[in-house]
Amino acid sequence: MAMETLRNSEYLTMKENCFYDNTIKTSKYTALNFLPLNLFEQFQRLANAYFLILLFLQLIPQISSLTWYTTVIPLMVVLSITGVKDAIDDLKRHQNDNQVNNRSVLRLVNGRMEEDKWMNVQVGDIIKLENNQPVSADILLLSSSEPYSLTFIETAELDGETNLKVKHAISVTRVVEDNLKFLSAFDGEVRCEPPNNRLDRFTGKLTYKGENYLLDHDKLLLRGCIVRNTDWCYGLVIYTGPDTKLMQNCGKSTFKRTQIDHLMNVLVLWIFLLLVIMCFILAIGHGIWESKTGYYFQIFLPWEEYVSSSTISAILMFWSYVIILNTMVPISLYISVEIIRLGNSYYINWDRKMFYAPKNTPAQARTTTLNEELGQVKYVFSDKTGTLTQNVMIFNKCSINGKIYGDTRDKNGQRLRGSECQAVAEKFVLALVFQKEKVDFSYNKLADAKFSFYDKTLVEAVKKGDDSVHLFFLSLSLCHTVMSEEKVEGMLVYQAQSPDEGALVTAARNFGFVFHSRTSETITVVRMGNTEVYQLLAILDFDNVRKRMSVIVRTPEDQLMLFCKGADTIICELLHPSCRPLSDVTMEHLDDFASEGLRTLMVAYRELDDAFFQSWSKKRSEAYLSLENREDKLSSVYEEIERDLMLLGATAIEDKLQDEVPETVLTLNKAKIKIWVLTGDKQETAVNIAYSCNIFEDEMDGMFFVEGRDSETVHRELREARNKMKPESLLESDPVNIYLTRKHKIPFKVPEEVPNGNYGLIINGYSLVYALEENLELELLRAACMCKGVICCRMTPLQKAQVVELVKRYKKVVTLAIGDGANDVSMIKAANIGVGICGHEGMQAMLNSDFAFCQFRYLQRLLLVHGRWSYNRMCKFLSYFFYKNFAFTLVHFWYAFFNGFSAQTVYDTWFITCYNLIYTALPVLGVSLFDQDVNETWSLRFPELYEPGQHNLYFNKKSFVKCLMHGIYSSFVLFFVPMGTIYNSERNDGKDISDFQSFSLIVQTALIWVVTMQIALKTTYWTTISHFFIWGSLGTYFCILLLLYSDGLCLTFPSIFQFLGVARNTMNQPQMWLSVILSVVLCIVPVIGYQFLKPLCWPLSVDRVFDRIHHCMKHPQPPPVQIKLKHASSRRSAYAFSHQQGFGALITSGKTMKSKEPKKNSFSLKK
């Protein structure tokens, strides 16, 4: 492995050449490069580049058939609006960067600490961090204020976990404490691995005074962590800026484009190809006309000096028609799309139903380019902790000596869960709803005011002195590795390595068994107001194999006791035979708890005699000192004492989900959206949450666990899963296999496969290493995509991104990733749409997301309401926009056959300029911003309405061809009906009206009426604004028409305004209005007929849903009762006490104790 060398004393001479500084830069532009870079990016759009070329062509007099301003004005408007929007977005990024880069930090300079900015920190610097201060760079811990130079940190912004973790200083420097003289003279050499994104791994070596010291992850404080319970610590900067693991996990920023964007680029190429073909046909026609007619007609129409033959004239005419027909590729298309997206983004920002009042935080559309893609999502990739769950554990119920405590019932006698009680209590209507009120713990001065419980019988049992209840809560107050802090007398603060342990200790505290403090040898408990000190003899710590933990204590009565808690499947095997009847009853209670999705464990104890304990303690010491198989030997010794246990009862804790998560998942499933959970958490916890959230169900036909530790095993497990879900998928004759064998070039898209039932897939991060290899990734993809839900656990941030990329690469779908921590950033950036949850885990996910809000439940509103509306509006806009431009432009094609293919325009130059920018802009924007096929209530009640967007049914290449054919037909009608109407006709006064200017006015007026009626037919949601935009634009046309053709302008600027008196003389003729009416009728009737026949002859599945909605609207029914979903399951999940091994060894080692202070019976962590 390549290595980097850092020398603290020599580094100043080399760091500028070798390492990044600590500046973070997420912005794209600077004041100097904004204009050229932004213009370069904008001209990468084919339409913009096309119009720039067109502008240059218009400057050539020999081929220019239109004035230059017809192109310059629209192009300048488009570039300016887009540029201003990009500048505003980048300015926000600059502000965020400056806020982070200018944070203050204490840096060691010339023997003393000086305050400096984060951006000035460099590799090799020694910095000082204080309590509750974020870590500014990846640093090697040198010393701290705590015993043995331990440092406690919170890594919520990195991995979403709020439990504390412990870091150890390197042994050679931990004794120096805050000796600045020693730190200034420190001249060690650090060799470490290159920057990488592995949050859980670091390897390196420190060489100091000829001695080598190994460095690992436990000695490294990562940027984004927050120092907790530690007054101060010193560290040597190892990685800075982009090299830090936090930034390495942010992934590469890519400019996200929607499927509509990609489709538009393809369609623009099609239109350009069609334009070239049309211009080629018209040029050939011009050449033929000039050679057969024009050549002999030069006395009236002489050729220009530069035209020497009909061939030359035809070549020049080709370019002239390119200019005239340029509106086939409408420049206003892109600016209109930007305005529509911006408007729909504001709807998200303004949505009060996505506003989270407790944090005063609205939803945010942080990008304005992805709105319509929200209506096309097929796969949602979600983090677990902090996204689906609140990372909060609540003591909900318990079973003690065969009796359940914690049941709460409403006035109808229905049992309610604790979280439901609390939710109603927060609305201040508890007394009106419940027969039982919240338990009053005011008698206990040390009780936690935030703790809620609703069964008074448990308090009564405690007060009566029930021995089994007392022993149960005594066990909970002693059997743990929680640390306490008493800042103010009577105000205890617990620091637990996992929230579940904190919930149990807090419950015991409120019921009168208060864990007060600990030392390495004692635990102090305030038991029903009396302080008792228990001698701590041993902690048999938790790990993922044992699934239990035990403590051995000597009580104040000099009695040896072992208290144990753990998974029911493990504890049941360790119980004394006499506990069988109680065990059976307790197991029934556990089934009840599991049916509500609660996480359970059993609590037991054993009385020990001194002789047995002394003998066992000797065996434990021997096993601990063993150099070989130490863990196995310790486990065997633990089993000797953890047997013949006496059952006390069981606990039920709610791993509190965010509000309405199960309902949201159920709704998204109805919308045919598949949800995959990608988490770094352990498998058991992730699967349990999947059941609680309705991602998995008990009625599923099968669950597949991929746990292989090598490539062959993983391959076999994936194929076995496919064999059960769809046996024919393994046959060579399977259509998908045939398709894949023919697709040798990547990328290609894997077709959808339908399984024979509902299945779930669980795969761990170790197996994913092999499953994501090139030879197995398609096996993983095909198996996973046939499942109803997928859980990927123990994943690294990189693996999360790889899974998302895998689906994007081989499936023609839109993906969405949602998370709340820095470990989700790479996944959020990899997905088509990234959503950040503004939670407790920092701001990294939100800052790197496309959309952000505070609660997972808002996702259904984002997709099913805003996303579906945005997609439908964009599809309507594109269909209409292409149609109106085809109808507008192709009239020139028909006119060419009557003017000798001379590149003469049908319309007035000003009409060409204003057509897209003024006359037809507002109606199409009105539909694109305000139209709704159904309101938000029906959108959420019938999630099936979302399906057309997933298959892109409303606008695709087929739809575009329909628009083209419709435009060709309309242009044909718009040209030949007016021509036939006024051909050889006369005015009332006998004058001829079949002149070019009158004909032009009639055609353009008929065109405006036709496209206005078309947009009126497309409008399904009429508002005052819709009427104003549609009919107001029609009125605006006539007002501008009278202005541009007025005597004043035409006489003042005769070279610019040439249609003198045309409007006044033509609009009073019945032939004009007959022509307009005929054109409108002939263009509109086929559309009405198609809209009537389409649901009858070519129905979509969504049409049946609309029929149901219309039926419900005609026959209103009472709104459905909102019932909180419960997870009816017989399966149980015993939660772990932490994600890693516990604090047990650390506590008993005494390293957490202040060595300089006299021993006390309490342990206090500084804050």
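Parameters at a glance
- Residue positions within a chain follow its written sequence, with the count starting from 1.
- Residue-level local features of this predicted model are given only where pLDDT is at least 70; pairs of side-chain atoms are given and counted only at 80 or more, and the full residue set underlies all totals for whole chains, interfaces and linings.
- The side-chain numbers reported here are obtained from all heavy atoms of the structure, hydrogens and water having been left aside.
- Think of it this way: any DSSP run of H or I at least four residues long counts as a helix, any run of E at least two long counts as a strand, and we number them from the N terminus.
- Between the first and last residue of a helix there are one fewer steps than residues, each counted as 1.5 Å, and that sum is the expected span.
- Burial classes follow relative accessibility: with a 1.4 Å probe on protein chains only, a residue under 20% of its type's maximum area counts as buried, one over 50% as exposed, and anything between as partly exposed.
- In this analysis an axis means a line fitted to C-alpha atoms, helices contributing only their contacting stretch, and an angle means the value between N-to-C directions, from 0 to 180 degrees.
- Geometric relationships in this document are graded by angle, where less than 35 degrees denotes roughly parallel, more than 145 denotes roughly antiparallel, 65 to 115 denotes roughly perpendicular, and other angles denote oblique.
- Two residues form a contact once any of their heavy atoms are found within 4.5 Å.
- Think of it as three bins: nonpolar holds Ala, Val, Leu, Ile, Met, Phe, Trp, Tyr, Cys and Pro, charged holds Asp, Glu, Lys and Arg, and polar takes everything else, Gly as well.
- When DSSP locates at least two bridges between a pair of strands, those strands are taken to pair.
- Under the pairing criterion, centres of Phe, Tyr and Trp rings, with the six-membered ring standing for Trp, must be within 6.5 Å; the plane angle then separates stacked pairs below 30 degrees from edge-to-face pairs above 60, leaving the rest tilted.
- By definition here, charges over rings are those cases where NZ of Lys or CZ of Arg is within 6 Å of the ring centre and within 35 degrees of the ring normal.
- Salt bridges are defined by distance alone: a side-chain nitrogen of Lys or Arg within 4 Å of a carboxyl oxygen of Asp or Glu.

1. What about helix 26 (residues 797–810)?
Line of reasoning, step 1. Taking 1.5 Å of rise per residue, 14 residues should cover 20 Å, and helix 26 covers 21 Å from first to last C-alpha, within 8% of that figure.
Line of reasoning, step 2. For helix 26, every residue scored as buried is listed here: Pro797, Gln799, Lys800, Ala801, Val803, Val804, Leu806, Val807 and Tyr810.

2. Describing the packing of helix 8 (residues 259–292) against helix 29 (residues 858–896)
Line of reasoning, step 1. Contact pair helix 8 / helix 29: the axes reach a minimum separation of 12 Å and the direction vectors enclose 5°. Taken together, the axis directions place helix 8 and helix 29 in an arrangement best described as roughly parallel. Seen from helix 8, the contacting residues are Ile260, Met264, Leu267, Ile271, Met278 and Leu282; seen from helix 29, they are Met874, Leu878, Phe882, Phe886, Leu890, Phe893 and Ala896.
Line of reasoning, step 2. Taken together, the residues that form the contact of helix 8 with helix 29 break down as 13 nonpolar, no polar and no charged.

3. As for the pairing of strand 22 (residues 513–518)
Taken residue by residue, a regular strand's side chains alternate between the two faces of the sheet.
Line of reasoning, step 1. Along strand 22, six of the six residues are buried, which leaves the element largely enclosed by surrounding structure.
Line of reasoning, step 2. Pairing between strand 22 and strand 23 (residues 522–527): five bridges, direction antiparallel. Counterpart to Phe515 in the pairing with strand 23 is Val525.
Line of reasoning, step 3. Between the antiparallel neighbours strand 22 and strand 23 lie three residues.

4. Some remarks on the packing of aromatic side chains
Line of reasoning, step 1. The tally for this structure, following the rule as stated, stands at 62 aromatic pairs.
Line of reasoning, step 2. Ring centres of Tyr346 and Trp350 lie 5.3 Å apart, and the angle between their planes is 25°; on these two criteria the pair is classed as stacked. Remark: Trp350 and Tyr346 occur in helix 10 (residues 332–350); sequence separation between them is four residues, near one turn of the helix.
Line of reasoning, step 3. On the basis of relative accessible area, Trp350 is assigned to the exposed category, the value being 58%.
Line of reasoning, step 4. Here Phe897 and Phe901 contribute two aromatic rings whose centre-to-centre distance is 5.1 Å and whose plane-to-plane angle is 70°, an arrangement assigned as edge-to-face.
Line of reasoning, step 5. An aromatic cluster is built from Phe893, Trp894, Tyr895, Phe897, Phe898, Phe901, Phe972, Phe975, Phe976, Phe996 and Phe999, whose rings are joined through pairwise contacts.
Line of reasoning, step 6. Its end group placed over the ring of Tyr443, Lys463 keeps NZ or CZ at 4.5 Å from the ring centre.
Line of reasoning, step 7. We note Arg709 situated over the ring of Tyr766; from NZ or CZ to the ring centre the distance is 3.8 Å.

5. What to know about helix 29
Line of reasoning, step 1. If you check helix 29, its first and last C-alpha atoms are 56 Å apart, about what 39 residues at 1.5 Å a residue would give, namely 57 Å.
Line of reasoning, step 2. Of all 39 residues that make up helix 29, 38 are buried, and the element is covered over most of its length.

6. Here's the deal with the sheet that holds strand 32 (residues 789–793)
Line of reasoning, step 1. With respect to topology, nine strands assemble into an open sheet ordered 14-35-34-33-15-29-32-31-30, the strand pairing being mixed. Two strands close off the open sheet at either side, each with one partner strand: strand 14 (364–365) and strand 30 (702–706).
Line of reasoning, step 2. Where strand 33 (residues 814–819) and strand 34 (residues 833–837) come together, four bridges link them in parallel fashion. Counted as the bridge partner of Ala817 is Gly834 from strand 34.
Line of reasoning, step 3. Most of the contacts of helix 29 go to strand 35 (residues 851–853), to which it runs at about 140°, and overall it touches strand 15 (377–382), strand 33, strand 34 and strand 35.

7. Regarding the pattern of salt bridges
Line of reasoning, step 1. Scanning the entire structure with this criterion turns up 35 salt bridges.
Line of reasoning, step 2. We note a salt bridge from Lys565 to Glu501, for which the minimum N-O separation is 3.4 Å. Highlighted residues: Lys565 in strand 26 (residues 560–566) and Glu501 in helix 15 (residues 499–510), separated in sequence by 64 residues. Here Lys565 and Glu501 have matching classes, each one buried.
Line of reasoning, step 3. Residues Asp933 and Arg868 are paired through a salt bridge, measuring 2.7 Å at the closest nitrogen-oxygen approach. Residue Asp933 is located in the loop between helix 31 (921–930) and helix 32 (936–941), and its partner Arg868 is located in helix 29; the two are separated by 65 residues in the primary sequence.
Line of reasoning, step 4. For Asp933, a relative accessible area of 28% gives the class partly exposed.
Line of reasoning, step 5. For Arg868, a relative accessible area of 2% corresponds to the buried category.
Line of reasoning, step 6. Each of Asp351, Lys353, Arg861 and Glu936 takes part in salt bridges that share partners, so that together they form one network.

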